Amino acid sequence: MIRSLLYILILILINMSCSSGNGDKNTYVKIETDYGVITLKLYDETPLHKENFIKLIKEGAYNGTLFHRVIKDFMIQGGDPTSVNAPAGKSLGMGGPGYTIPAEIVFPTHFHKKGALAAARTGDDVNPGKESSGSQFYIVTGKVFSGGNLVSLENSLTKQRETRIFNRLVGEHKSEIMQLRRNRDNEGLYELQEKLIAETKERLQEEGPFVFTDLQREAYTTVGGAPHLDGEYTVFGEVVEGWDVLDKIENVKTDTKDRPKTDIKMKIEIVRE
């Protein structure tokens, strides 16, 4: 309990320091909504995302857009330009500026704790490089996990890592697999499968299992977050003020597509660059 309280106190002190502006050279932006203002700090370690976000803010690209996807205990998402004045019931979430941003996944330093600002993206099947949407972002609300939950999640994420390695190897041998199938060479397919499984295990051993750091464990068991997203999406900032606003937005009523039943429009401005 003391350790948890100490961690929360440290977060509060950091946020107070950010707000004071004394010797603080970080970039801050604010998102204004009908529910209040959320202030975020942008990370210098993700320069491409930081610069793009600032550019879009200066262009006014986010003004009038909606938080079009809200899932309680997970995240709130916005930044789709097609959401401006979108009629009720319209499917949103596919819009963007027409470009993507190379992934800047600074893991495990920047992770999906509550309040993390991250870039949305399409799935690995069409986006193996994990490139980010040019404009869409989400802010993690998440939930608190127990230590046991995190151990189970580590095992699950390790298995997912193994599956991704195997699928990647299969892709590298696609032409060979197709030829074996055309020849109806089942023995050859079996031998190749065993070879790829063995290579998968070797590469997994080189990468190592998925393991949360002590800082991640402390955050996820106190303030909470969405740990299953770690290492998969670019986290490029975090909330420093407006936690109550974040909580209000994540609790709004939504439709079957997770769109708030009452539009939540935003206006984003740079507080200090």
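Remember, it's a predicted structure, so these values are computed and weren't measured experimentally. (Residues numbered from 1 in each chain as written. Predicted model: local features only at pLDDT ≥ 70, side-chain atom pairs only at ≥ 80, totals over all residues. Heavy atoms only, no water.)

Overview of the overall build of the chain
Logical step 1: Looking only at helices and strands, the chain has 7 helices and 10 strands in total.
Logical step 2: Of all 273 residues assigned to the chain, the portion counted as buried reaches 42%.
Logical step 3: Long-range pairs, those at least 24 residues apart, make up 77% of the contacts in the chain between residues at least 6 apart in sequence.
Logical step 4: Carbon and sulfur atoms make up 53% of the accessible area of the chain, which amounts to about 14,500 Å² in all.
Logical step 5: Both charge centroids of the chain, one from 35 positive and one from 39 negative side chains, sit 4 Å from each other. (Helix = DSSP H or I, 4+ residues; strand = E, 2+ residues; numbered from the N terminus. Buried < 20%, exposed > 50% of the residue type's maximum accessible area, 1.4 Å probe, protein only. Contact = heavy atoms within 4.5 Å. Areas by Shrake-Rupley, 256 points an atom, 1.4 Å probe, with all protein chains shown as cover. Lys, Arg positive; Asp, Glu negative; His and termini not counted. Charge placed at Lys NZ, Arg CZ, Asp CG, Glu CD.)

Here we look at the UniProt feature "domain: PPIase cyclophilin-type" (unreviewed entry) in the chain
Logical step 1: Those places that UniProt annotates as "domain: PPIase cyclophilin-type" (unreviewed entry) correspond, in this numbering, to residues 32–266.
Logical step 2: Counted over residues 32–266, helix gives 36% and strand 16%. Its end C-alpha atoms are 6 Å apart. (UniProt positions renumbered as here; feature names shortened; annotations may be inferred.)

Considering helix H7 (residues 243–250)
Logical step 1: Where H7 is concerned, the buried positions are Val-245, Leu-246, Ile-249 and Glu-250. In an axial view of H7, the angular spread of the buried residues amounts to 130°, which keeps them on one side of the axis.
Logical step 2: Along its buried surface, H7 packs onto strand E1 (27–33), strand E2 (36–42), strand E3 (67–71), strand E4 (75–78) and strand E8 (137–140). (Arc of directions from axis to C-beta.)

Description of the sheet that holds strand E6 (residues 116–119)
Logical step 1: Spatially, the 8 strands line up as an open sheet ordered E3-E4-E8-E6-E9-E2-E1-E10, and their pairing is antiparallel. The open sheet has two edge strands with one neighbour each: E3 and strand E10 (267–272). When strand polarity is set aside, the average angle formed by the axes of neighbouring strands in this sheet is 25°.
Logical step 2: Bridging between E2 and strand E9 (residues 235–241) involves 4 bridges; their strand directions are antiparallel. Bridge assignment links Lys-41 to a residue of E9, and that residue is Glu-238.
Logical step 3: Sheet strands touched by helix H2 (residues 47–58): E1, E2, E6, E8, E9 and E10. Its angle to E10, the strand with the most contacts, is close to 115°.
Logical step 4: Here H7 sits on the sheet and contacts E1, E2, E3, E4, E8 and E9; the angle it forms with E2, its principal contact strand, is near 115°. (Pairing = 2+ DSSP bridges. Axes fitted to C-alpha atoms, helices over the stretch in contact; angles between N-to-C directions.)

Details of the pairing of E9
Logical step 1: Burial of E9 is extensive: 6 of the 7 residues sit out of reach of the surface.
Logical step 2: For E6 and E9, the ladder comprises 3 bridges, and the chain directions are antiparallel. Its bridge partner lying in E9, Ala-118 is registered against Val-235.

Structural notes on the pattern of salt bridges
Logical step 1: This model, assessed by the stated rule, comprises 19 salt bridges.
Logical step 2: Notably, a salt bridge pairs Lys-50 with Asp-44, separated by 2.5 Å at the nearest N-O pair.
Logical step 3: With a relative accessible area of 44%, Asp-44 lands in the partly exposed category.
Logical step 4: Residue Glu-232 is joined to Arg-164 by a salt bridge in which the shortest nitrogen-to-oxygen separation is 3.2 Å. With a gap of 68 residues between them, Glu-232 in the loop between helix H6 (214–220) and E9 and Arg-164 in helix H3 (residues 147–172) connect regions that are remote in the sequence. (Salt bridge = Lys/Arg side-chain N within 4 Å of Asp/Glu carboxyl O.)

Regarding the nonpolar core
Logical step 1: Counting residues in hydrophobic clusters, the biggest one holds 26 residues, and the most contacted among them are Phe-53, Phe-137, Ile-139 and Ile-268.
Logical step 2: Secondary structure elements with two or more residues in this core: E1, E2, H2, E3, E6, E8, E9 and H7.
Logical step 3: In terms of residue count, H2 provides more of this core than any other element does, 4 residues in total.
Logical step 4: With near-sequence residues (within four places) excluded, Ile-139 lies in contact with Ile-31, Leu-40, Met-75, Ile-76, Gly-115, Ala-116, Leu-117, Val-239 and Leu-246.
Logical step 5: Counting residues in hydrophobic clusters, the runner-up holds 10 residues, among them Met-75, Ala-116, Ala-118 and Leu-229. (Core = buried A, V, L, I, M, F, W, Y, C linked by side-chain atoms within 4.5 Å.)

Some points on the environment of Gly-225
Logical step 1: Relative to the helices and strands, Gly-225 resides in the loop between H6 and E9.
Logical step 2: Given a relative accessible area of 2%, Gly-225 falls into the buried group.
Logical step 3: Remark: the alpha-carbon pair of Gly-225 and Gly-123, spanning 102 residues in sequence, is separated by 21 Å.
Logical step 4: Excluding anything up to four places from it in sequence, Gly-225 contacts His-112, Lys-113, Lys-114, Val-140, Gly-142, Lys-143, Phe-145 and Tyr-220.

Some words on H3
Logical step 1: In a regular helix each residue adds 1.5 Å, so 26 residues correspond to 38 Å; H3 covers 38 Å between its end C-alpha atoms and thus fits that length.
Logical step 2: Every buried residue of H3 is listed here: Leu-150, Leu-153, Glu-154, Leu-157, Thr-158, Arg-161, Ile-165 and Leu-169.
Logical step 3: Its buried side turned inward, H3 meets helix H5 (186–207) and H6. (Expected span 1.5 Å × (residues − 1).)

Some remarks on the packing of aromatic side chains
Logical step 1: Evaluated as defined, the whole model comprises 10 aromatic pairs.
Logical step 2: Here Phe-212 and Tyr-220 contribute two aromatic rings whose centre-to-centre distance is 5.9 Å and whose plane-to-plane angle is 75°, an arrangement assigned as edge-to-face. Considered together, Phe-212 and Tyr-220 belong to a single accessibility category, that of buried residues.
Logical step 3: Arg-121 extends its terminal NZ or CZ atom over the ring of Tyr-233, reaching a point 4.5 Å from the ring centre. (Phe/Tyr/Trp six-rings, centres within 6.5 Å; stacked < 30°, edge-to-face > 60°. Lys NZ or Arg CZ within 6 Å of the ring centre and 35° of its normal.)

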